[in-house]
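The residues making up each chain are set out below.
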Amino acid sequence: MQTDLHLFAAAILLPLAGAVVAGLGGRLMGDTLAKAVTLLCMGAATVCGIGALWGGWTSGFGPYAVPLADWVNAGGFHATWTLRFDTLSVTMSAMVLCVSLLVHCYSVGYMSHETMPVYRFFAYLSLFTFAMLMLVSSSDLIQLFFGWEGVGLASYLLIGYWYDRPAATAAAIKAFVVNRVADLFFIVGIGLIYVLFHSVRYDEIFAAVPQAAGAFYTLFGHSFPMLEVICFLLFIGAMGKSAQLFLHTWLPDAMEGPTPVSALIHAATMVTAGVFLMARMSPLLEVAPNTRLFIIFIGATTCFFAATVGMVQPDIKRTIAYSTCSQLGYMFAAVGVGAYQVAIFHLTTHAFFKALLFLGAGSVIHAMHDEQNMFRMGGLWKKLPLTYGVMWIGSLALAGVFPFAGYWSKDAILNALWAADGRMSHYAWMLGVITAFLTAFYSWRLLFLVFHRAPADVQKRDAAHESPLFMSVPLVLLAIGAVVSGLVLAPYYIGAQQSAFWQGSIFNAPGNTIMETFEQVPGVVALLPSLVALVGIALAFLFYIASPGLPEALARSCGPVYRFLLNKWYFDELYEHIFVKPYAAIARFLWKDGEEGAVEGLPRDLVRATASGAVDAVRLQTGSIALYAFTMLAGLVVVLTVALCG
Amino acid sequence: MNAMSVNWILALPEITLALAGLVILVFGVLQRPGKGIGACTVLSIAAFVGCAVLVALSPDGAAYAGTFVNDSFARFMKILVLLGGLVALLLTVSYRTDERAPLPFETAVLILFSTVGAMIMASSANLMTLFVGLELSSLSIYILAALERDDVLSSEAGLKYFVLGSLASGLLLYGMSLVYGYAGTMEYSGLIAAIQQTTALPVGLMVGLVFLVVGLCFKLSVVPFHMWTPDVYQGAPTPVTAYMAGAPKFATFALLLRVMSGPFGAMAPRWQILIETLSILSMVYGALAAIPQTNIKRLMAYSSIGHMGYALMGLAAASTNGVRATLVYLAAYLVMNAGVFAVITAMRRKGREVTSLADLSGLGRTDPGLAAALAVFMFSMVGAPPLAGFFGKLMVFAAAWQSGLYVLVGIGALSSVIGAYYYLRVVKVMYFDASAERLDQPARSLVFVSGSMGLATVFFVLALGPLMALARQAALALGG
Amino acid sequence: MPSVLGDYAPVLVFGAISVVIAAAMLGMALVCGQQKPYPEKVTAYECGFEAFDDARRRFDVRFYLVAILFIIFDLEVAFLFPWAVSLSRIGLFGFLSMLGFLSVLGIGFLYEWRKGALDWD
């Protein structure tokens, strides 16, 4: 047992070591060595992480605590740095490590064309991995928040990695700011948890939930159930990180970062942190039914919204980004009906196929020399046979075609939504099915546009070449994952053995039987998602292979709808007017009038007045003795007056 | 009057010092011209040290038919005065005029006589003693200021100081005559009785008091009676400037404190506003006018104007605490002021004295030790903790605050901030400006003085306990 | 009041007598003396300077030195008169006090002598 805990700790600390060595010493040791160090650390960490998983598998998951250090010890508040060893954290860690290792490996090939040194990139990647591992292995909310902010920081650094591109830096700032907005709610939620439970440790919070169920929180004269408020606030935090509707705007822009980053952070791991948080906080969510309704609503709506927008995007990476957003919506909908295990299952399978899709897209972009517009590609399938193959696998998994990974997880979510049997969950089921159709459509739109259609630029097509070994090996491995992970993991994550597998690390309240009942749905309902997916594929074939003029005609005839979708439902424009412009105006006022006018101006004027006063004061000092004597006598008169009249 | 009531022993330090002065004068004048200067200085230093011992041992009491008093306040001030004189003497040791000539042997003798006068001031118990002491001190300084006869600035300084000083003495005398006229006595004890007896204070007495204060304020270079200060400080030979900025100021403060809290103590509510006004004027003017200065001696003149303003705050408080605060402030001022002038005396290039602020450029690199000492003094003058100046300022501010003079404290704090600018500018010039040509290696006596004063400034806090106890005792002796 | 004025009557008498004596001396000289006037002889005596001349003229500072030294000793000697008159009443202490004063004065005299202040050249 002890060995597993040590392996687990090593798995989490090794990426930090890699990040520190490569980040601080990269300039000295050079790129090659820095790459080697981070890859080696990641490799070792992955081995350790899988070892820990194996150990937990064979001898039980505890939960155990791995104390590393004291952190905060102030007054009544005590926080330590302790790793939590349970099924959820260990499986998540293993998943993060596997994907991260593959992305590291892939990056070696992908970043080989950079003119600038890239040790920084690898250090950031490792730093991100460490922060993500901190997030999933935390044993209290403060640690979780540390990891949460750590991944946010790494995300900011990596989105803005090409700091000489204005769009990249703007996107980085946007991602950071939108996440800060959500984090404010999150930290207030943590604060309320501390107020209610006098602790931030999971064990203590979860143990005290039954006693706290009746607590109320009064704000502006209204009373709300305290736990609902807390869960609501935590969910808003999760919405920001997981790019749910209203706080999703940063995710498409984040595609300005290098493609491996998009694969690792903005598809497989970081954006799923919100889902992880919800699963982690399942004991709290179980007693907050109203918040869960809200979660279903947001999840389902995001799911649908993102899919519609994804249909019309010309940019290959943005299409996949909206797809991610959409899939995250599925996961939240599952959380909302209490099927946390299903959400985590979809999270895991999604990590494989979405990373695969992104890396495949990266491979295309790499081959096309940084071309991202799908309409300028085409006919690549012969030049990039491996990429073509894995993209097919990824798309099949994403669309949920049997027996690929997505089939198992997505169908489970839709079944659970049906089985939950509520008005909100039916709404979610309906949107989910429509989205399944849309998903298949935009996935094959992507495939057809990139690989089959007549090439827009033949010379460029002919110059394209398959990616090097460093890039193709991860693609193959992820493709294997995308094929088999659903089949292999389903029994443990959501199947008959789930409660033995999770060992209580995900909590279902006694009344919550969704995990037992979600399989028992009518056959039509179970088949429908696969059916609509096939229809979606067929429609894509019709639109982009059979009669290529159709999409354009449709776009012209339904102009407003098309523009509405192309402009992502005008969210950016809306926010620009509601938040950004007034805020900029306030900031400008504070800068020009407040800061430069008053804060700087007042001392500046005072200094100027003092200096000129000083010059005037000295002007009296003429050296004339008569004036001196006169001054004395004048002073005498003044002083006398003061003394006699004062 | 008989021999017994004279009580010689009380004035023994003054008598000793005066006799020593005469002996040294005879000794010096019997040498061939230009010889024996060093011997005279050494003898004077010995006389100072001996005198200081005698002061420390002298008993309490009144003498000479009540015109002379010795108490712990007088002892405290005399020690300060002697230290101030001693430092000035030490600075003369290595001082050379621009013609490479040392100051004449009379310098030591004059400083010595001036110090005798200052000590008499500290012990005065009668307006006559006050005047005699003041004039003995002042007349010596008039000559000292003009010691470099061939130097235009020095002669000008002497003449200006003499003319304006005469005017001030006239005002002082006139004030004294008014006081005498309305109170009928010149003895402090008599004045106390006379003032306490009158129900309605005669205006003439108030006018007399104002004239008296004005006369003393001239010596303190308090605004608006400060006009002589920059010119005289700049023109006089640097050791003499160091002397002027020290001993006479302490003695005059001794007088002011004794007169105001003794004979005129009962009138405190009437003169508080007067002192407050003078204090504010000095602090603000000292801070402002120093800013455009480019000559460090002029700068120090304005600095001393400002410092006198702060010291007056303690007097304005009109309480035992206030007097104590002023005494501590003066002690701190003595230490850092002496240090600054030691550094200024050391400012020489190729044998010639330089006094421009720009000559300090890059001193932090060319002479780190001297620069560090000057930086310490400047920070202390600003009032940065934990240096000497901080405690002085803290105590006078606290005393004024306790007496409810909030406006005074506010303006004091403000002018401290303004003053910080020009003090720190010196530090900036030393450490951040391009190096000027190297200064000459400072003489050992100057290194000793600046070093010891630097240590005293830094470790002032260690002596703060006993010092405050002594100052408190002195203040109590005064308050009676 | 009349008595106060009466006290000053001797002064009036002194004044009158001095007027008479001065008038007599000048008058006798005018009446009995032999008159041989010429311009140099009748100008007012001004220590060797032109009587009517630019006031801002340079002249030897030694005049002042001598004058000041004279005044100092003159003034100090003035202290001797009250002392001499009351010597019988102030006793040995009074006598010694003045000796002390005189010795200080003597040191001053020694100083100015050694310094050459009394030499004209």
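The numbers attached to residues start from 1 for each chain and follow its sequence in the written order. In the order they appear in the text, chains get letters beginning with A and ligands get numbers beginning with 1. This being a predicted model, a pLDDT of at least 70 is required before a residue's local features are given, and a value of 80 or more before pairs of side-chain atoms are given or counted; all residues contribute to the totals for chains, interfaces and linings. Side-chain calculation: all heavy atoms of the structure are included, whereas hydrogens and water are not.

Strands here are runs of E lasting at least two residues and helices are runs of H or I lasting at least four, both read from the DSSP assignment and numbered beginning at the N terminus. Looking only at helices and strands, one finds 21 helices and 4 strands in chain B. Any residue under 20% of the maximum accessible area for its type is buried, any over 50% is exposed, and the rest in between are partly exposed; the area is computed with a 1.4 Å probe on protein chains only. Here chain B holds 480 residues, and 64% of them are scored as buried. We call two residues contacting when some pair of their heavy atoms lies within 4.5 Å. Long-range contacts, defined here as pairs at least 24 residues apart, represent 81% of the contacts in chain B between residues at least 6 apart. Just so you have it, chain B exposes about 16,300 Å², and 69% of that area is on carbon and sulfur atoms. Only the protein chains shown count as cover for residues, and the accessible areas themselves come from Shrake-Rupley with a 1.4 Å probe.

Attention shifts here to the overall build of chain C. Counting its secondary structure elements, chain C contains 6 helices and 0 strands. Its helices and strands taken in sequence order, chain C reads α-α-α-α-α-α from the N to the C terminus. Split by element, the accessible area of chain C, about 10,600 Å² in all, is 71% carbon and sulfur.

Residue-level pLDDT values for chain B average 91, and 99% of them are 70 or greater. One confidence number per residue, pLDDT, is output by the predictor and ranges from 0 to 100. Across chain B, the secondary-structure element scoring lowest on mean pLDDT is helix H1 (residues 3-6) of chain B, at 53, and the one scoring highest is helix H5 (residues 106-123) of chain B, at 95.

Moving on, we come to the interface of chain A and chain B. Counting residues at the interface gives 21 residues for chain A and 35 residues for chain B. Interface area for chain A against chain B, summed over the two sides, is near 2,400 Å², with a carbon-plus-sulfur share of 83%. What counts as a salt bridge is simple: a side-chain nitrogen of Lys or Arg found within 4 Å of a carboxyl oxygen of Asp or Glu. Taken together, the links from chain A to chain B amount to 0 salt bridges. Here a polar contact is recorded for every N or O atom pair within 3.5 Å, except that within protein the pair must consist of a potential hydrogen donor and a potential acceptor, and residues adjacent in sequence are included only if both atoms are side-chain atoms. Run the count over chain A and chain B and you get 5 residue pairs in polar contact (both at pLDDT 80 or more). Buried area is understood as the total, over both parts, of accessible area removed when two parts are fitted together, assessed with a 1.4 Å probe.

Here we take up the nonpolar core. Judged by nonpolar contacts, the single largest core of 210 residues is most densely connected at A:Phe197, A:Met278 and A:Leu284. The biggest single contributor to this core is helix H15 (residues 340-367) of chain A, with 18 residues. Ignoring sequence-local partners within four residues, the contact set of A:Phe197 consists of A:Ile205, A:Ala208, A:Val209, A:Ala212, A:Leu227 and A:Leu284. To define a nonpolar core, start from buried Ala, Val, Leu, Ile, Met, Phe, Trp, Tyr and Cys residues and group those joined through side-chain atoms within 4.5 Å. In this structure, A:Ala643, B:Ala194, B:Phe377 and B:Ala475 belong to the second largest nonpolar core, which totals 201 residues.

What follows is about the UniProt feature "transmembrane region" (unreviewed entry) in chain C. All names here are of chain C. Here, UniProt's "transmembrane region" (unreviewed entry) annotation points to residues 12-32, 63-84 and 90-111. Helix makes up 100% of residues 12-32 and strand 0%. Its end C-alpha atoms lie 30 Å apart. Helix makes up 95% of residues 63-84 and strand makes up 0%, while its end C-alpha atoms are separated by 32 Å. UniProt positions are given in the numbering used here, feature names are shortened, and annotations may be inferred rather than shown by experiment.

With that settled, the discussion passes to the side chain of B:His226. With respect to the element layout, B:His226 can be found in the loop between helix H9 (203-220) and helix H10 (228-235). With relative accessibility at 3%, the residue B:His226 sits in the buried group. If we skip the residues at most four places from it in the chain, B:His226 touches A:Gln621, B:Ser221, B:Tyr285 and B:Ile305.

Residues and elements named next belong to chain B. Within the secondary structure, Val-81 is located in helix H4 (residues 72-94). Judged by its relative accessible area of 0%, Val-81 falls in the buried class. What Val-81 contacts, discounting residues up to four positions off in sequence, is Thr-115, Ala-118, Met-119, Ala-247, Phe-250 and Ala-251.

Further remarks concern the pattern of salt bridges. With the rule as written, the count across this model stands at 23 salt bridges over all chains. Of the charged contacts, one joins A:Arg84 and A:Asp203 as a salt bridge, the two residues approaching to 2.7 Å between their closest N and O atoms. Taken together, the positions of A:Arg84 in strand E2 (residues 77-85) and A:Asp203 in helix H7 (residues 202-212) put the pair 119 residues apart, joining distant regions of the chain. Accessibility expressed as a relative area gives 38% for A:Asp203, which makes it partly exposed. Close ionic contact of B:Arg75 with B:Asp60 constitutes a salt bridge, the shortest N to O distance being 2.9 Å.

Right, let's talk about the packing of aromatic side chains for a bit. We call Phe, Tyr and Trp rings a pair once their centres come within 6.5 Å, taking the six-membered ring for Trp, and we label the pair stacked below 30 degrees between planes, edge-to-face above 60, and tilted otherwise. Enumeration over the complete set of coordinates arrives at 59 aromatic pairs over all chains. Aromatic pair B:Tyr174 and B:Phe211: ring centres 5.1 Å apart, planes at 80°, arrangement edge-to-face. Here B:Phe211 lies in helix H9 and B:Tyr174 lies in helix H7 (residues 152-183), a separation of 37 residues in the sequence. Among the aromatic residues, those joined into a cluster by ring pairs are A:Trp57, A:Phe345, A:Tyr492, A:Tyr493, A:Phe501 and A:Trp502. Sitting over the ring of A:Phe176, A:Arg180 keeps its end group 4.2 Å from the ring centre. Placement of a positive charge over a ring is assigned whenever Lys NZ or Arg CZ falls within 6 Å of the ring centre and within 35 degrees of the normal to the ring plane.

All names here are of chain A. The pocket and cavity definitions rest on a 1 Å grid over protein atoms only: a 1.4 Å probe that fits but cannot leave marks a cavity, an open set with protein on both sides within 12 Å along at least five of seven lines marks a pocket, and residues lining either have an atom within 4 Å of a point. Grid points are joined across faces, edges and corners, and a volume is the space filled by probe spheres set on the points. Of the voids in this model, the second largest pocket is the one considered here, and its volume is about 700 Å³. Taken together, 18 residues line the second largest pocket, and the ones lying closest to its centre are Val-177, Val-178, Val-181, Phe-579 and Val-580. Going through the elements one at a time, helix H6 (166-197), helix H8 (226-241) and helix H26 (571-599) are the ones with two or more residues in the lining of the second largest pocket. Here the lining of the second largest pocket gets 7 residues from one element, more than from any other, and that element is H6.

Each partner contributes to the interface: chain B provides 12 residues, whereas chain C provides 7 residues. Counting the surface lost from both chain B and chain C, the interface buries some 860 Å², and carbon and sulfur atoms represent 80% of this. The largest share of the area that chain B buries against chain C comes from B:Leu22, B:Val29 and B:Glu106, three residues that together contribute 47% of it. Inspection of the region where chain B meets chain C yields 1 salt bridge. Residues B:Glu106 and C:Lys115 are paired through a salt bridge, measuring 2.8 Å at the closest nitrogen-oxygen approach. Linking chain B with chain C are 5 residue pairs in polar contact (both at pLDDT 80 or more), by the criterion used here. At the level of elements, H1 and helix H2 (12-30) of chain B are the ones that each hand at least two residues to the side of chain B that touches chain C. Among the elements that take part in the side of chain B that touches chain C, H2(B) stands out by supplying 5 residues, more than any other.

Turning next to the pairing of strand E4 (residues 222-225) of chain A. Residues and elements named next belong to chain A. A pair of strands is treated as paired once DSSP finds two or more bridges between them. In this sheet, E4 lies alongside strand E3 (residues 216-219) in antiparallel orientation, the contact comprising 4 bridges. Each residue of the ladder has a partner; that of Tyr-217, found in E4, is Phe-224. Where E3 folds back on E4, the antiparallel hairpin that results is connected by 2 residues, among which Phe-220 adopts a positive phi of roughly 50°.

It is worth spelling out the confidence of the model for chain C at this point. All names here are of chain C. On average, residues of chain C score 85 in pLDDT, and 94% of them are at 70 or above. Here helix H1 (residues 2-7) stands out as the element of chain C with the lowest mean pLDDT, 73, in contrast to helix H2 (residues 9-32), whose mean of 92 is the highest. Model confidence for the complex: the whole-complex pTM is 0.64, and ipTM, which rates the interface, is 0.91.

All names here are of chain A. Taken together, the side chains of Leu-153, Tyr-156, Ile-173, Val-177, Val-181, Leu-184, Phe-185, Ile-187 and Val-188 make up a nonpolar region of the molecular surface, amounting to roughly 730 Å² of accessible area. Only helix H5 (141-159) and H6 provide two or more residues apiece to the nonpolar patch. In this structure, Leu-153 sits in helix H5. Using a relative accessible area of 39% as the deciding quantity, one classes Leu-153 as partly exposed. Each patch is built from residues that are more than 30% exposed by relative accessible area and take part in no salt bridge. Like charges join if they lie within 9 Å; nonpolar side chains (Val, Leu, Ile, Met, Phe, Trp, Tyr) join within 5 Å.

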